[in-house]
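# A structural walkthrough
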Amino acid sequence: AQSVTQPDIHITVSEGASLELRCNYSYGATPYLFWYVQSPGQGLQLLLKYFSGDTLVQGIKGFEAEFKRSQSSFNLRKPSVHWSDAAEYFCAVGAPGSRDDMRFGAGTRLTVKP
Amino acid sequence: NAGVMQNPRHLVRRRGQEARLRCSPVKGHSHVYWYRQLPEEGLKFMVYLQKENIIDESGMPKERFSAEFPKEGPSILRIQQVVRGDSAAYFCASSPPTQETQYFGPGTRLLVL
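Every chain is numbered on its own, with residues counted from 1 as its sequence reads. The order in which chains are written sets their letters, starting at A; the order in which ligands are written sets their numbers, starting at 1. Since the coordinates come from a predicted model, pLDDT governs what is reported: local features require at least 70, and pairs of side-chain atoms require 80 or more to be given and counted, while whole-chain, interface and lining totals use all residues. Side-chain numbers come from the whole structure's heavy atoms, not from hydrogens or water.

### Things to note about the sheet that holds strand S8 (residues 75-79) of chain B
Residues and elements named next belong to chain B. For two strands to be treated as a pair, DSSP must find at least two bridges joining them. Secondary structure elements follow DSSP: runs of H or I of four or more residues count as helices, runs of E of two or more count as strands, with numbering from the N terminus. The four strands lie next to each other as S1-S3-S8-S7, forming an open sheet whose pairing is antiparallel. Among the strands making up the open sheet, the edge pair consists of strand S1 (5-7) and strand S7 (65-68). Between one strand axis and the next, the sheet turns by 15° as a mean value, whatever way the strands run. One ladder, built from five bridges, connects strand S3 (residues 19-24) with S8; its direction is antiparallel. For Arg-20, the partnering residue across the bridge sits in S8 and is Arg-78. Angular values range over 0 to 180 degrees, each being the angle between N-to-C directions of two axes fitted as lines to C-alpha atoms, with helices fitted over their stretch in contact.

### Observations regarding the interface of chain B and chain A
Whether two residues are in contact is decided by their heavy atoms, any of which lying within 4.5 Å being enough. On the side of chain A, 21 residues touch chain B, which itself brings 25 residues to the contact. Taking both partners together, chain B and chain A bury about 1800 Å²; carbon and sulfur atoms supply 50% of that area. Basic side-chain nitrogens of Lys or Arg form a salt bridge, by our definition, when they fall within 4 Å of a carboxyl oxygen of Asp or Glu. For the pair chain B and chain A, the number of links is zero salt bridges. Here a polar contact means two N or O atoms within 3.5 Å. Within protein one must be a hydrogen donor candidate and the other an acceptor candidate, and residues neighboring in sequence count only if both atoms are side-chain atoms. Inspection of the chain B/chain A interface yields three residue pairs in polar contact (both at pLDDT 80 or more). Summed over both partners, the accessible surface that disappears when two parts come together, traced with a 1.4 Å probe, is what is meant by buried area.

### Section: the nonpolar core
Grouping buried Ala, Val, Leu, Ile, Met, Phe, Trp, Tyr and Cys residues that are joined through side-chain atoms within 4.5 Å yields what is termed a nonpolar core. Burial classes follow relative accessibility: with a 1.4 Å probe on protein chains only, a residue under 20% of its type's maximum area counts as buried, one over 50% as exposed, and anything between as partly exposed. Ranked by internal contacts, the top residues of the largest apolar core, which has 26 residues, are Leu19(A), Trp35(A), Leu47(A), Leu48(A), Phe74(A), Leu76(A) and Tyr89(A). Examining the composition of this core, we find that four residues originate from one element, strand S10 (residues 87-95) of chain A, more than from any other.

### Quick notes on the state of the cysteines
Here, the term disulfide refers to a pair of cysteine sulfur atoms separated by no more than 2.5 Å. Inspection of the entire model under this criterion finds two disulfides over all chains. Shown here is the disulfide that connects Cys23(A) with Cys91(A), its sulfur atoms set 1.9 Å apart. Between Cys23(A) and Cys91(A), the S-S dihedral sits near -60°, and the bridge is therefore left-handed. Highlighted residues: Cys23(A) in the loop between strand S3 (19-21) and strand S4 (24-26) and Cys91(A) in strand S10, separated in sequence by 68 residues. For the pair formed by Cys23(A) and Cys91(A), the shared burial category is buried. The disulfide bridge from Cys23(B) ends at Cys92(B), spanning 1.7 Å between sulfur atoms. Between Cys23(B) and Cys92(B) the sulfur-sulfur dihedral comes to about -55°; the bridge is accordingly left-handed. Residue Cys23(B) is located in strand S3, and its partner Cys92(B) is located in strand S9 (residues 88-95); the two are separated by 69 residues in the primary sequence. A relative accessible area of 0% means that Cys92(B) is categorised as buried.

Function cannot be read off these values alone, since they describe shape.
Put into structure tokens, the structure is as follows:
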């Protein structure tokens, strides 16, 4: 079964600074990979996803993520963080052909300093 | 198009009562998933349903928890005889038959007193 690890529980960055949130997965083949964002008291919104093809994926709100097979990673990046990006970010791994087998990381809480 | 709807958004129950959480998927989506998010933890898969069928309930506690997705109406997650440890946010997601992407509702926050 697949699993996903988000090594950073909490990250603080200054507004305007760049951001990288780490995500490592464990799976025998190429998984489906997702990043979701959860604002306080809200549900989860899909930021971006990777199924196949170009390993650099563009998402909403200026986010991007890069799939690196050799490192089993799918890190989320943003060149310049805005105060409204403060939220909880979840990386998720799905097994191709098994829609019900999705695993989430524990999440990374992002704080943005003025 | 409306997204996934969940109600109530907040639910308070006393120990021993029943909690019923409802989820209306995106129109045209026939697959529904329930997740539980405990404080300071990530999301944990509970159950996957299609219309009138439970496909995978490997994440559901063996007792007190049940889920259904009837032919008509929303999906229901039922928790009988709630205990304090059931306090959590419960999220529903739906997907169409042809895609792997799940779209999430706003969640129901259950508080057991």
